[in-house]
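# Remarks on the overall topology
One-letter residues, chain by chain:
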Amino acid sequence: MSDTVPVITIDGPSGSGKGTIAASIAGQLGFHLLDSGALYRLVGIAAVAGGISLDDETALAQLAESLDIEFNPAKTPDRTLDILLASRDVSDELRLETSGMYASRVAAKPAVRQALLRRQRAMRKKPGLVADGRDMGTVVFPDAQAKIFLTASAEERAERRYKQLINKGESVNLRALLAEIKARDERDSQRSVAPLKQAEGALLIDSTSMTIKDVEAAILAHICAMGISV
Ligand code: DC
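## Considering the layout of surface pockets
- Computed from the structure, the second largest pocket encloses a volume of approximately 330 Å³.
- Counting only elements with at least two residues in the lining of the second largest pocket, the list comes to β2 (32-35), β3 (69-73) and α6 (110-121).
- In terms of residues, the lining of the second largest pocket owes the most to one element, β3, which gives 5 residues.
- Residue composition of the lining of the second largest pocket, grouped by class: 8 nonpolar, 4 polar and 3 charged.

## Some remarks on the pattern of salt bridges
- Applying the stated criterion across every chain yields a total of 17 salt bridges.
- One salt bridge in this structure joins Asp 82 and Lys 75, with 3.7 Å as the shortest N-O distance.
- One continuous salt-bridge network, built from bridges that share partners, spans Lys 75, Arg 79, Asp 82, Asp 89 and Asp 92.

## Quick notes on the sheet that holds strand β5 (residues 88-89)
- Spatial ordering of the open sheet is given by β3-β4-β5, a layout of 3 strands whose pairing is antiparallel. Two strands close off the open sheet at either side, each with one partner strand: β3 and β5.
- When β3 meets strand β4 (residues 81-85), the two strands line up antiparallel, connected through 5 bridges. Along β4, the bridge assignment pairs Glu 70 with Leu 84.
- Here helix α2 (residues 36-49) sits on the sheet and contacts β3 and β4; the angle it forms with β4, its principal contact strand, is near 35°.

## What to know about the site of the ligand
- Taken together, 17 residues lie around the ligand, and Arg 41, Arg 113, Arg 134, Asp 135 and Arg 191 are the ones closest in.
- Here a nitrogen atom of the ligand and a side-chain polar atom of Ser 36 are 2.9 Å apart.
- At 2.7 Å, a side-chain N or O of Arg 41 approaches an oxygen atom of the ligand.
- For the ligand, the protein covers 97% of the area, taking 450 Å² as the surface of the free molecule.
- Of the residues forming the shell around the ligand, the biggest block, 4 residues, is contributed by α2.
- Broken down by class, the residue content of the shell around the ligand amounts to 4 nonpolar, 4 polar and 9 charged.

## Thoughts on the sheet that holds strand β1 (residues 7-11)
- Strand order across the open sheet formed by 5 strands is β2-β6-β1-β7-β8, with parallel pairing between neighbours. Single-partner strands in this sheet number two, and they are β2 and β8 (203-206). In this sheet, neighbouring strand axes are inclined to one another by 20° on average, regardless of whether the strands run parallel or antiparallel.
- By the bridge criterion, 5 bridges tie β1 to strand β6 (residues 129-133) in an arrangement that is parallel. Note on β6: the bridge partner recorded for Val 7 is Leu 129.
- Helix-sheet contacts for helix α1 (residues 18-29) involve β1, β2, β6 and β7 (146-151), and the interaxial angle to β6 is about 180°.
- In the packing of helix α10 (residues 212-225) onto the sheet, the strands contacted are β1, β7 and β8, and the crossing angle to β7 comes to about 160°.

Quick notes on the rules
- Residues numbered from 1 in each chain as written.
- Predicted model: local features only at pLDDT ≥ 70, side-chain atom pairs only at ≥ 80, totals over all residues.
- Heavy atoms only, no water.
- 1 Å grid on protein atoms, 1.4 Å probe; cavity = no way out; pocket = protein on both sides within 12 Å on 5 of 7 lines; lining within 4 Å.
- Points joined across faces, edges and corners; volume = space filled by probe spheres on them.
- Helix = DSSP H or I, 4+ residues; strand = E, 2+ residues; numbered from the N terminus.
- Nonpolar A, V, L, I, M, F, W, Y, C, P; charged D, E, K, R; others polar.
- Salt bridge = Lys/Arg side-chain N within 4 Å of Asp/Glu carboxyl O.
- Pairing = 2+ DSSP bridges.
- Contact = heavy atoms within 4.5 Å.
- Axes fitted to C-alpha atoms, helices over the stretch in contact; angles between N-to-C directions.
- Near = heavy atom within 4 Å.
- Polar contact = N/O pair within 3.5 Å; in protein donor to acceptor, adjacent residues only side chain to side chain.
- Areas by Shrake-Rupley, 256 points an atom, 1.4 Å probe, with all protein chains shown as cover.

This is the structure:
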């Protein structure tokens, strides 16, 4: 029965705007939201906190199976979700660059990906789901009703991240950010399991010179064309 529940997948590299757009589209449709990157980030921070090596695939997979995670609608507008790990709100910690780097490392382990598969599919509930990540349309929900591949140039993505961090009062270096984004792109697209790539049938959107509103309009038009009522 669950396969009649509509899923919209939004995949793409870090900083392409998928998180913001996915949350907005989910809000407009009244659909659930899966931030799959947060799952990998959670495994990363829980491993580091628990003294588990980011190279110990078996221990990381066991951790991924047993993590006590809750995704709740955000109580404040600066977030898309409130994310709890063993009842502790870790939403801000998850957004740190270090958490992203841990996530990218644990995400390259096949056993970790396998352990998170069931959790991700279990989030497909009525009235529907918007799922953002790297392999939502290729591996996790290959039968999704609408698939989007959202990208932007590495320079533009570094610039967006730079502005976000400066607005938060953090001191950052644009060149270092660009180098990190390129390193993460390389690792996410070159890994042997579920690499970042455009799913067959996905609509490609390059948001380098588009506004968020333009991107949303393009996605909503595609969703409509794929027969999901908006
Ligand atoms: O989207 P994000 O920046 O929160 O993702 C963090 C890391 O997790 C990213 O480097 C790649 C990995 N990831 C993944 O491999 N598969 C997903 N579906 C989502 C994220």
